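Report on the structure
Below, each chain spelled out in residue letters.
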Amino acid sequence: MSSMNDLTTAYTLYQQETHIRTALDLIRQLHLAGKAEDAIALALKWSDRAKEPIARAQLAYYMSCLGMLAPAEAILQEVLPQVESDDDTYYQVRLELAIVKYCLGKFHEAQQLQRPLHSSRWSEVWSRLASDNRDNNWFLPYKDKVLYDQPVAGKTILIIGEGGVGDLLHFFRYVKNLQQEGAARIYCQAPTAMRSLIANSGLPIAIVDDSFAGMDNCDIITGVFALFTRYQKNPYFPPAAEPYLGLAADYVLPAGIPEKLAGRGHSRRRIGLVWRSETRVRHEPFRSIDLQALVPLLASADADFFSLQVGTLSDSEKQLLEQYQVVDLAPHLSSFEDSAHVLEQLDLLLTIDSAPAHLAGARGRPAWLMLAQSCDYRWYDCQRFTPWYSSMRLYRQAELGDWASVVAAMSADLSQ
């Protein structure tokens, strides 16, 4: 209700005072309300009318979030040299331009823009932008430890908490690169729900908490996105053809899950479902899919479905799960290690772009990924194949907000 109130307020103000600032706020509120067509139309209307560089950069950002990549790229390239004197603005514009270029399939141009932003100088800017009230005093004592071009042989390295769980799972593939370079010891800040998975993964990583003590006691600090720009030399190398996360052999599934899995027998395929995200990122609300949109697939597929959707379910979601006999496993899951072992029992995972997708990929489990037309830049411009995971298939929207064609394509493929 509050989002609709915000949209109404933004629309009213735009009608009363029509200028770029009210237009930008209205585009933002339309985006948050899931009204892609209206947001895109308004962004196009102002693409030639916005003149001031920062306003144009903000407009380009919203265009990028709405999948309007070509006009966003043109505006950002125009604005970038105009904001060089302001480090904070320059950092944000340059990073956004890199993101747009990744999405357009221009990997090497994007890397040239993004990689220098992980140097000590620009990491200081990042820490300021990421800090409350732009107070980055917590980071300044460690800025000379930032990993960029220096060798890591014999060094103790801390991978700091950056991004979400999916980002950690995605980029843990680079731990082996640090090891191959001769890193003496690798530590990682990780949320509690991931720690048992990492501890039993076979990766040479020691878990630390989120305090600054780890920064004091290491030679080098880095985030996973810096590892991406250091080691990913092109879109296809290094690949992860084999699973890079191991599982404990003596693990026992939580009580309730074996019974629920066994109750359906083994005569039909077992398919897991994840349809929405619990986190708020730039691509919401378009990243998630309404469970109702999956009904044609649930009704037609010759399979047993199991929900891995964490968080509180709405009454309508509960009703749909019951109606289509989808077994809800999520209440029994307390860690990503639990989820990983459940995936071993399933034939396929149907999921949006979220941590379970990367968990399945890192384990080499079959997964079909439902992608919004405007999605995370790391999926590049790939349509079905992704170089990140050999066991994954992509299903991408043709039009932002329209999941019908995605569901139809998956339903057709499941029927084969």
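Everything here concerns the structure above.
Residues numbered from 1 in each chain as written. Predicted model: local features only at pLDDT ≥ 70, side-chain atom pairs only at ≥ 80, totals over all residues. Heavy atoms only, no water.

Structural notes on the overall build of the chain
Here is the rule: Helical segments are the DSSP runs of H or I of at least four residues, strand segments are the runs of E of at least two, and each set is numbered from the N terminus. Values of the radius of gyration come from C-alpha atoms, whereas the globule rule sets the reference at 2.2 Å times the count of residues to the power 0.38. Only protein chains enter the accessibility calculation, which uses a 1.4 Å probe. A residue is then buried if its area is under 20% of the maximum for its type, exposed if over 50%, and partly exposed in between. Working rule for contacts: check all heavy atoms of both residues, and any pair within 4.5 Å makes them a contact. His is not counted, nor are the chain ends; Lys and Arg add positive charge and Asp and Glu add negative charge. One atom stands in for each charge, and that atom is NZ of Lys, CZ of Arg, CG of Asp or CD of Glu.
Broken down by element type, the chain carries 19 helices and 10 strands. Its C-alpha atoms give the chain a radius of gyration of 22 Å, near enough to 22 Å, the size a compact globule of 416 residues would have. Considered along the principal axes of its C-alpha atoms, the chain spans approximately 65 × 60 × 35 Å. Counting the 416 residues in the chain, one finds 55% classified as buried. Long-range pairs, those at least 24 residues apart, make up 67% of the contacts in the chain between residues at least 6 apart in sequence. Of the side chains in the chain, 39 bear a positive and 49 a negative charge, and the two mean positions are spaced by 3 Å.

Observations concerning the nonpolar core
Selection criterion: In plain words, nonpolar cores are sets of buried Ala, Val, Leu, Ile, Met, Phe, Trp, Tyr and Cys residues tied together by side-chain atoms within 4.5 Å.
The biggest cluster of nonpolar side chains holds 139 residues, and the ones touching the most others in it are Phe-172, Leu-178, Phe-305 and Leu-350. The biggest single contributor to this core is helix α6 (residues 87–103), with nine residues. Setting aside chain neighbours within four positions, we find Leu-350 in contact with Ile-271, Gly-272, Leu-273, Val-274, Leu-297, Phe-305, Trp-368, Met-370, Met-410 and Leu-414. With eight residues, the next largest nonpolar core counts Val-146, Leu-158, Met-215 and Cys-218 among its residues.

Some thoughts on the sheet that holds strand β10 (residues 392–396)
Across a sheet, strands are paired by hydrogen bonds formed along the backbone, either parallel or antiparallel in direction. The criterion, for reference: Note on pairing: two strands pair once DSSP finds at least 2 bridges between them. Axis definition: a line fitted to C-alpha atoms, limited for helices to the stretch in contact. Angles are taken between N-to-C directions and run from 0 to 180 degrees.
Pairing is parallel across the open sheet formed by six strands, whose spatial order is β7-β6-β5-β8-β9-β10. Pairing within the sheet leaves two strands with one partner each, and these edge strands are β7 (327–328) and β10. Of the pairings in the sheet, the one linking strand β8 (residues 348–352) to strand β9 (residues 367–371) comprises four bridges and is parallel in character. Looking across to β9, one finds that Thr-351 is bridged to Leu-369. The strands that helix α19 (residues 404–415) touches are β5 (269–274), β8, β9 and β10; relative to β10, the one it contacts most, it runs at about 140 degrees.

A word on the pattern of salt bridges
This is how the line gets drawn: We count a salt bridge whenever a side-chain nitrogen from Lys or Arg sits within 4 Å of a carboxyl oxygen from Asp or Glu.
Summed over the entire model, instances satisfying the criterion amount to 21 salt bridges. Two residues, Asp-302 and Arg-268, come together in a salt bridge whose shortest N-O distance is 3.0 Å. Placement of the pair is Asp-302 in the loop between α15 (295–300) and β6 (303–307) and Arg-268 in the loop between α14 (257–262) and β5, with a sequence separation of 34 residues. Overall, the relative accessible area of 34% leaves Arg-268 in the partly exposed class. A salt bridge links Asp-376 to Arg-378; its shortest N-O distance comes to 2.8 Å. The residues Asp-376 and Arg-378 share a single accessibility class, namely buried. One continuous salt-bridge network, built from bridges that share partners, spans Glu-73, Lys-101, Lys-106 and Glu-109.

Describing the packing of helix α5 (residues 69–79) against α6
Put simply, the rule is: Two helices cross in a left-handed way if the nearer one is turned anticlockwise from the farther one by less than a right angle. They cross in a right-handed way if the turn is clockwise. Charged means Asp, Glu, Lys or Arg here, nonpolar means Ala, Val, Leu, Ile, Met, Phe, Trp, Tyr, Cys or Pro, and polar covers whatever is left, Gly included.
Taken N-terminus to C-terminus, the directions of α5 and α6 make an angle of 145 degrees; their axes are 9 Å apart at the nearest point. In the packing of α5 onto α6, the handedness of the crossing is left-handed. Here Leu-69, Ala-72, Glu-73, Leu-76, Gln-77 and Val-79 of α5 lie close against α6, whose contacting residues are Val-93, Glu-96, Leu-97, Val-100, Lys-101 and Cys-103. Residue composition of the contact of α5 with α6, by class: eight nonpolar, one polar and three charged.

With respect to the pairing of strand β2 (residues 185–189)
Threshold: Seen with its strands pointing away from the viewer, a crossover is right-handed when the path leading from the first strand over the helix to the second is clockwise.
Strand direction decides the pairing type here: strand β1 (residues 156–159) and β2, joined by four bridges, are parallel. By the bridge assignment, Thr-156 is partnered in β2 with Arg-185. With three bridges joining them, β2 and strand β3 (residues 206–208) adopt parallel strand pairing. Counterpart to Tyr-187 in the pairing with β3 is Ala-206. Crossover β2 to β3 through helix α11 (residues 192–199) is right-handed.

Some details on the packing of aromatic side chains
For any pair of aromatic rings, geometry is given as the distance between the ring centres together with the angle between the planes. Under the convention used in this document: Ring pairs shown here join Phe, Tyr and Trp side chains whose ring centres sit within 6.5 Å, with only the six-membered ring taken for Trp; geometry is labelled stacked below 30 degrees between planes, edge-to-face above 60, and tilted in between. Remark: a charge is flagged as sitting over a ring if the NZ atom of Lys or the CZ atom of Arg is within 6 Å of the ring centre and within 35 degrees of the ring normal.
Under the criterion given, the structure shown has 18 aromatic pairs. Members of the aromatic cluster, joined through ring pairs, are Tyr-102, Phe-107, Phe-171, Tyr-174, Phe-225, Phe-228, Tyr-231, Tyr-377, Tyr-380 and Trp-388. We note Arg-49 situated over the ring of Trp-46; from NZ or CZ to the ring centre the distance is 4.1 Å. In this arrangement the basic side chain of Arg-378 is found over the ring face of Tyr-377, its NZ or CZ atom lying 5.8 Å from the centre.

A look at the sheet that holds β2
Spatially, the four strands line up as an open sheet ordered β3-β2-β1-β4, and their pairing is parallel. With partners counted over all chains shown, the strands left at the sheet margins are β3 and β4 (220–222), one partner each. The average undirected angle you get between the axes of adjacent strands in this sheet is 25 degrees.

Some remarks on helix α3 (residues 36–46)
The following threshold applies: By arc we mean the arc of the directions from the helix axis to the C-beta atoms, nothing more.
Looking only at α3, the buried set comprises Ala-36, Ala-39, Leu-42, Ala-43 and Trp-46. Looking straight down α3, one finds its buried side chains confined to an arc of 135 degrees; they lie on one side.

Notes on the side chain of Glu-284
This is how it is decided: In the analysis that follows, any N or O atom pair within 3.5 Å is treated as a polar contact, provided that within protein one partner can donate a hydrogen and the other can accept it, and provided that, for residues neighboring in sequence, both atoms belong to side chains.
Within the element layout of this structure, Glu-284 appears in the loop between β5 and α15. Looking at Glu-284, its side chain comes within polar contact range of the side chain of Ser-288, at 3.1 Å. Setting aside residues up to four positions removed in sequence, Glu-284 forms contacts with His-31, Ser-277 and Thr-279.

Read these as geometric descriptors, not functional statements.
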